[in-house]
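# Reading the structure
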Amino acid sequence: MAVAFLSDLLTEVLIPVAAVVGIVFALVQWLLVSKVKLSPEGESSGTGNGKNGYSDYLIEEEEGLNDHNVVVKCAEIQSAISEGATSFLFTEYQYVGIFMAVFAVLIFLFLGSVEGFSTKNQPCTYNKDKTCKPALANAIFSTLSFLLGAFTSVVSGFLGMKIATYANARTTLEARKGVGKAFITAFRSGAVMGFLLAANGLLVLYISINLFKLYYGDDWEGLFEAITGYGLGGSSMALFGRVGGGIYTKAADVGADLVGKVERNIPEDDPRNPAVIADNVGDNVGDIAGMGSDLFGSYAESSCAALVVASISSFGINHELTAMLYPLLISSMGIIVCLVTTLFATDFFEIKAVKEIEPALKWQLIISTVLMTVGIAIVTWVALPSSFTIFNFGVQKTVKNWELFFCVAIGLWAGLVIGFVTEYYTSNAYSPVQDVADSCRTGAATNVIFGLALGYKSVIIPIFAIAVSIFVSFSFAAMYGIAVAALGMLSTIATGLAIDAYGPISDNAGGIAEMAGMSHRIRERTDALDAAGNTTAAIGKGFAIGSAALVSLALFGAFVSRATISTVDVLTPKVFIGLLIGAMLPYWFSAMTMKSVGSAALKMVEEVRRQFNNIPGIMEGSAKPDYATCVKISTDASIKEMIPPGALVMLTPLVVGTLFGVETLSGVLAGSLVSGVQIAISASNTGGAWDNAKKYIEAGASEHARSLGPKGSDAHKAAVIGDTIGDPLKDTSGPSLNILIKLMAVESLVFAPFFATHGGILFKYL
């Protein structure tokens with residue numbers, strides 16, 4: 001077999017260097033954002049150099065907005081949002097920390113008991129002629145990697161939230177100087193989060209592998225089995241972040257919209273609305289912190305799945321370090337590609353008009369995908385031998401390096417297809433959302449019917465894209481092919497996250513503009529930024545769901561191999577009952593999260609109504625609402641309500657594997673994957689379409705839209721009702737489902753040694 005061009009030493013240098021470059025680039029972007037001052041003394045009225053909308057700076061003079069009160073107000077609002085988000089996350093992390101500590105103990109006890117806590121070396125799982133490190137070592141190192149993954153996930157989410165709350169008011173102030181400047185501030189802030197997360201995830205994983213190697217030495221099978229705990233830790237935190245943050249943000253959003261817009265007929269983000277601060281805090285803890293942890297979890301799991309399969313293929317058997325670290329080299333190349341791509345939005349091209357915003361964001365996806373395809377080809381050519389073998393359910397399959405290139409590339413391009421199909425179904429520039437908006441003429445009921453139909457229909461093409469990716473990548477390189485296809489889809493994660501985080505930052509910027517009493521023109525600009533951000537957020541969710549499907553299938557394959565199951569036969573009762581239960585779980589989970597949002601929103605609506613009725617002068621603007629009570633309602637509800645859905649996901653594999661054994665558990669994993677992906681896509685797209693149908697009517701940019709409006713018309717009220725129904729679908733249940741399917745698969749893989757040895761207690765005694 002031929003040897004790779006890239007030496008092991010160079011590989012060990014290039015990976016951390018790429019991660020450090022990503023971190024440095026993030027810090028540079030943050031420094032550029034921080035030049036926008038939030039104090040009246042630091043205010044300058046623009047440089048007027050005509051680049052990226054700077055020439056618009058005179059608008060603030062024209063509109064009499066060059067006064068210090070606006071800046072002071074923006075700073076106050078930003079401080080309130082930041083404090084609310086920070087206190088919520090700290091409270092959430094305290095509760096989740098206890099859960100993680102308990103779960104870490106469970107991992108140690110379950111895995112340590114496989115060989116009765118023996119400290120003797122044991123025969124390797126896949127090669128009985130060799131001896132591997134004891135099961136106790138696997139228990140200790142799996143627990144450590146679990147805690148490392150959880151910690152990295154928390155840091156990723158927290159840093160993202162901090163950056164977003166730092167940038168929101170700065171984006172508002174820049175909107176006075178032109179839409180181009182506001183866009184750059186929001187996008188740069190998103191890039192800070194994207195690059196920090198991608199680089200930190202890569203660096204911590206790389207350092208963990210090297211530290212674990214000091215103990216494991218040549219036992220790569222044991223080393224990379226222990227590393228899977230990193231993915232489990234990342235996704236466990238992501239689940240609570242997504243569910244808790246999702247309940248928080250949607251309880252506030254639904255409460256603010258139903259009472260403020262529908263009952264009181266006041267604009268969105270009006271400072272008279274008691275739930276307005278809670279709503280803006282929610283954007284940061286749900287859409288930013290939750291999403292950051294979610295995509296970090298996907299990245300960690302796809303890397304772990306690829307590494308586990310590689311460790312029992314020729315790469316691991318022959319100790320070929322460069323080929324073994326191929327997944328990390330792909331991620332390193334992704335950071336460099338995304339860095340170049342980001343410069344296209346911030347430096348190479350300028351945004352001069354509102355209509356250029358959405359195309360600029362779409363071009364980010366296209367440029368990063370095209371450049372990454374070239375990057376994958378280079379990495380594959382220099383890092384892999386021309387021919388090698390991949391473990392395929394007990395046999396070694398011979399694979400060529402060009403076949404592996406196609407596996408990664410098809411994952412990458414399938415992500416782009418899913419992204420653009422999502423955009424078509426959720427952007428108000430296209431007919432599906434315009435049809436939903438049109439259905440509001442006859443009330444909320446027809447709006448809901450059209451929206452549901454759109455969501456179901458939007459599943460078709462993404463599922464075909466995922467199916468083709470799975471077929472091609474499995475045909476070329478078995479389960480390893482599917483794992484690297486998932487990694488391909490996530491290779492441009494830095495750009496994807498930048499685009500994703502840009503949305504909530506713009507949304508907050510609009511809220512701050514409204515609350516600070518800035519002019520209608522400023523609000524129009526932030527609304528234009530927000531509308532583009534809404535669509536890109538839907539694209540980001542499409543990526544997350546598509547990659548989750550591939551990741552969980554790769555993890556499923558690794559679990560089946562580790563649990564020494566030769567085939568999963570659907571016709572056996574043990575497997576079939578698992579399939580049925582697994583397919584039911586996403587519905588049970590969605591019911592729990594939807595109900596949680598509903599009950600929290602109920603309390604919020606009652607509180608907002610109480611304040612409007614009992615505090616005189618709120619509607620006139622002479623009295624200030626009690627924002628703190630609404631923030632507390634959202635915080636208390638989300639902390640209390642996130643535990644049951646989280647426990648359902650975390651405990652299901654443990655209960656099924658221990659009581660019913662690995663065959664039934666394999667059925668549960670397959671069932672939850674198949675049904676979870678469909679519900680997640682339809683829920684996210686239905687909610688996104690309702691949201692943008694409402695914005696389509698509010699903007700009144702076309703003759704058709706104006707015929708449905710203006711704000712406050714019956715059609716607009718019907719659209720607001722659709723939007724509030726869609727809120728928990730697109731921001732709580734939908735995004736959380738992709739974590740459900742990944743998390744159950746990675747958890748099953750981590751506990752596979754225990755299930756294979758001691759699982760199936762009920763069937764043993766029946």
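Residues numbered from 1 in each chain as written. Predicted model: local features only at pLDDT ≥ 70, side-chain atom pairs only at ≥ 80, totals over all residues. Heavy atoms only, no water.

Applying the stated rule across the entire model yields 31 aromatic pairs. Centroid distance Trp220 to Phe224: 6.2 Å. Interplanar angle 80 degrees. Geometry classified as edge-to-face. Of this pair, Trp220 and Phe224 both sit in helix H6 (residues 220-263), separated by four residues, roughly a single helical turn. There is no split in this pair, since Trp220 and Phe224 are both buried. Ring geometry for Tyr424 against Tyr430: centres 5.4 Å apart, planes inclined by 50 degrees, an arrangement best described as tilted. Residue Tyr424 is classed as partly exposed on the basis of its relative accessible area, which comes to 34%. An aromatic cluster of three or more residues is present, and its members are Phe99, Phe103, Phe110, Phe146, Phe240, Phe751, Phe754 and Phe755. Note that Lys133 overlies the ring of Tyr215, its terminal NZ or CZ placed 5.0 Å from the centroid. Lying over the aromatic face of Tyr166, Arg170 brings its terminal NZ or CZ to 3.8 Å of the ring centre. (Phe/Tyr/Trp six-rings, centres within 6.5 Å; stacked < 30°, edge-to-face > 60°. Helix = DSSP H or I, 4+ residues; strand = E, 2+ residues; numbered from the N terminus. Buried < 20%, exposed > 50% of the residue type's maximum accessible area, 1.4 Å probe, protein only. Lys NZ or Arg CZ within 6 Å of the ring centre and 35° of its normal.)

Sheet analysis places strand E3 (residues 387-392) next to strand E4 (residues 395-400), joined by six bridges and oriented antiparallel. Bridge pairing in E4 places Thr389 opposite Thr398. Connecting E3 to the next strand, E4, in antiparallel fashion are two residues, including Phe393 with a positive phi near 50 degrees. (Pairing = 2+ DSSP bridges.)

The grouping of Leu9, Leu10, Val13, Leu14, Val17, Val21 and Ile336 at the surface amounts to a nonpolar patch, some 560 Å² of accessible area in total. Mapped onto the elements of the fold, Val21 is located in helix H1 (residues 8-34). On the basis of relative accessible area, Val21 is assigned to the partly exposed category, the value being 31%. (Patch = residues over 30% accessible without salt bridge, like charges linked within 9 Å, V, L, I, M, F, W, Y side chains within 5 Å. Areas by Shrake-Rupley, 256 points an atom, 1.4 Å probe, with all protein chains shown as cover. Salt bridge = Lys/Arg side-chain N within 4 Å of Asp/Glu carboxyl O.)

Okay, empty space enclosed by the protein next. Enumeration according to the criterion identifies nine cavities of 30 Å³ or more in this entry. Computed from the structure, the largest cavity encloses a volume of approximately 370 Å³. In terms of lining residues, the largest cavity is bounded by 29 residues, among which Asp287, Asn534, Asp691, Lys730 and Asp731 are the most central. Put simply, the parts of the chain that give the lining of the largest cavity at least two residues each are H6, helix H7 (276-311), helix H16 (493-515), helix H17 (520-562), helix H20 (662-699) and helix H22 (714-758). Here the lining of the largest cavity is built from residues that sort into four nonpolar, six polar and 19 charged. In terms of lining, the second largest cavity is formed by 13 residues, of which the most central are Thr492, Ile493, Gly496, Gly540 and Phe543. A breakdown of the residues in the lining of the second largest cavity according to their chemical character gives eight nonpolar, four polar and one charged. (1 Å grid on protein atoms, 1.4 Å probe; cavity = no way out; pocket = protein on both sides within 12 Å on 5 of 7 lines; lining within 4 Å. Points joined across faces, edges and corners; volume = space filled by probe spheres on them. Nonpolar A, V, L, I, M, F, W, Y, C, P; charged D, E, K, R; others polar.)

Right, let's get into the layout of surface pockets. In this model, the largest pocket occupies a volume close to 970 Å³. Elements that contribute at least two residues to the lining of the largest pocket include exactly helix H11 (357-383), H16, H17 and H20. The element best represented in the lining of the largest pocket is H17, accounting for 10 residues. Of the residues that constitute the lining of the largest pocket, the class distribution is 15 nonpolar, eight polar and 14 charged.

The next thing to look at is the side chain of Ser634. Summarising the element assignment, Ser634 is placed in helix H19 (residues 627-660). Taking relative accessible area as the criterion, Ser634 reaches 1% and is therefore assigned buried. Engagement of the side chain of Ser634 in a polar contact is seen with the backbone oxygen of Tyr248, the distance being 3.2 Å. The residues touching Ser634, leaving out its near neighbours within four places in the chain, are Tyr248, Ala251, Ala252 and Met604. (Polar contact = N/O pair within 3.5 Å; in protein donor to acceptor, adjacent residues only side chain to side chain. Contact = heavy atoms within 4.5 Å.)

Okay, the state of the cysteines next. Any covalent bond linking the sulfur atoms of two cysteines counts as a disulfide. Under the defined criterion, the tally for this structure stands at zero disulfides. Looking at Cys304, it has no disulfide partner, and the nearest cysteine sulfur is the one in Cys132, 18 Å off. (Disulfide = S-S within 2.5 Å.)

Running from N to C, helix H18 (residues 573-614) and H19 cross one another at 170 degrees; their axes reach a closest spacing of 10 Å. When the axes of H18 and H19 are compared, the pair comes out roughly antiparallel. Residue composition of the contact of H18 with H19, by class: 14 nonpolar, seven polar and four charged. (Axes fitted to C-alpha atoms, helices over the stretch in contact; angles between N-to-C directions. Parallel < 35°, antiparallel > 145°, perpendicular 65-115°, else oblique.)

Now for the nonpolar core. Counting 229 residues, the largest nonpolar core has Phe183, Tyr326, Ile357, Tyr480 and Phe559 as the members making the most contacts within it. Looking at which element gives the most residues to this core, the answer is helix H5 (residues 179-216), with 21 residues. Ignoring sequence-local partners within four residues, the contact set of Tyr480 consists of Ala306, Val309, Ala310, Phe315, Ala323, Tyr326, Pro327, Ile390 and Leu404. Grouped together as the second largest cluster of nonpolar side chains are 20 residues, Tyr425, Ala437, Leu454 and Leu729 included. (Core = buried A, V, L, I, M, F, W, Y, C linked by side-chain atoms within 4.5 Å.)

Attention now moves to the environment of Trp381. Residue position: Trp381 is located in helix H11. Among the residues examined, Trp381 registers a relative accessible area of 54% and is labelled exposed. In the structure, Trp381 is positioned 195 residues away from Phe576 in sequence and 43 Å away in space, judged by C-alpha atoms.

All right, on to H17 then. Between its first and last C-alpha atoms H17 spans 61 Å; for 43 residues at 1.5 Å apiece the expected length is 63 Å, and the two agree. Most of H17 sits inside the fold, with 38 of its 43 residues counted as buried. Immediately downstream of H17, the backbone of Thr564 shows phi near 50 degrees, a positive value. (Expected span 1.5 Å × (residues − 1).)

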